[in-house]
Amino acid sequence: QVQLVESGGGLVQAGGCLRLSCAASVRSFSTYAMGWFLQAPGKEREFVAAISESGGTTYYADSVKGRFTISRDNAKNTVYLQMNSLKPEDTAVYYCNAAHRFALVATTVFRSWGQGTQVTVSS
């Protein structure tokens, strides 16, 4: 059972930045690839970014590439999402999750999710 707690969201103006954190309570955190996802009001959850087990490889959705950076600290069992140049359309609840393979992060149908953290970007 993987327990995930997201934090760091808040209200920011367009062009601002936030850093989200995801704390994982799981055995052998470094054996999991990690990902960030978002869900806007009235829409389905969608993929944002993924990072490999060691942190050496990353992959981003086109909508955030060049603005967001995913990273991880395996000693702290934590994955981060640095969000720069925020836009109103980034407004959503952001979630993290874990997969056994980096290539599966964006496509896995996850069975459980944490509570997420709200990001609101004003114009």
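As the structure is a computational prediction, the values presented were derived from the model and not from experiment. (Residues numbered from 1 in each chain as written. Predicted model: local features only at pLDDT ≥ 70, side-chain atom pairs only at ≥ 80, totals over all residues. Heavy atoms only, no water.)

**Overview of the packing of aromatic side chains**
Next up, step 1: Within this structure, the stated rule accounts for six aromatic pairs.
Next up, step 2: Judged by centre distance (6.0 Å) and plane angle (70 degrees), the ring pair of F37 and F47 falls under edge-to-face. Placement of the pair is F37 in strand β4 (residues 33–39) and F47 in strand β5 (residues 46–51), with a sequence separation of 10 residues.
Next up, step 3: F37 gets classed as buried once you look at its relative accessible area, which sits at 5%.
Next up, step 4: A residue is classified by how much of its surface remains accessible, and F47, at 15% relative accessible area, is buried.
Next up, step 5: Aromatic side chains F110 and W113 sit 5.3 Å apart centroid to centroid with 75 degrees between the ring planes, which places their arrangement in the edge-to-face category.
Next up, step 6: Using a relative accessible area of 28% as the deciding quantity, one classes W113 as partly exposed. (Phe/Tyr/Trp six-rings, centres within 6.5 Å; stacked < 30°, edge-to-face > 60°. Helix = DSSP H or I, 4+ residues; strand = E, 2+ residues; numbered from the N terminus. Buried < 20%, exposed > 50% of the residue type's maximum accessible area, 1.4 Å probe, protein only.)

**Topic: the state of the cysteines**
Next up, step 1: Considering all chains together, one arrives at one disulfide under this definition.
Next up, step 2: Linked covalently through their sulfurs, C22 and C96 form a disulfide whose S-S length is 1.7 Å. With the S-S dihedral at roughly 60 degrees, the linkage between C22 and C96 falls on the right-handed side. Here C22, found in strand β3 (residues 18–25), pairs with C96, found in strand β9 (residues 92–99); they are 74 residues apart in sequence, far enough to count as distant. (Disulfide = S-S within 2.5 Å.)

**Looking at the sheet that holds strand β2 (residues 10–13)**
Next up, step 1: Read from one edge to the other, the open sheet built from six strands follows the order β2-β10-β9-β4-β5-β6, with strand pairing classed as mixed. Strand pairing shows two members of the sheet lacking a second neighbour, β2 and β6 (58–60), which therefore form its edges. Direction aside, the axes of adjacent strands within the sheet are offset by 25 degrees on average.
Next up, step 2: In this sheet, β6 lies alongside β5 in antiparallel orientation, the contact comprising three bridges. Residue pairing in the sheet places A50 in a bridge with Y59 of β6. (Pairing = 2+ DSSP bridges. Axes fitted to C-alpha atoms, helices over the stretch in contact; angles between N-to-C directions.)

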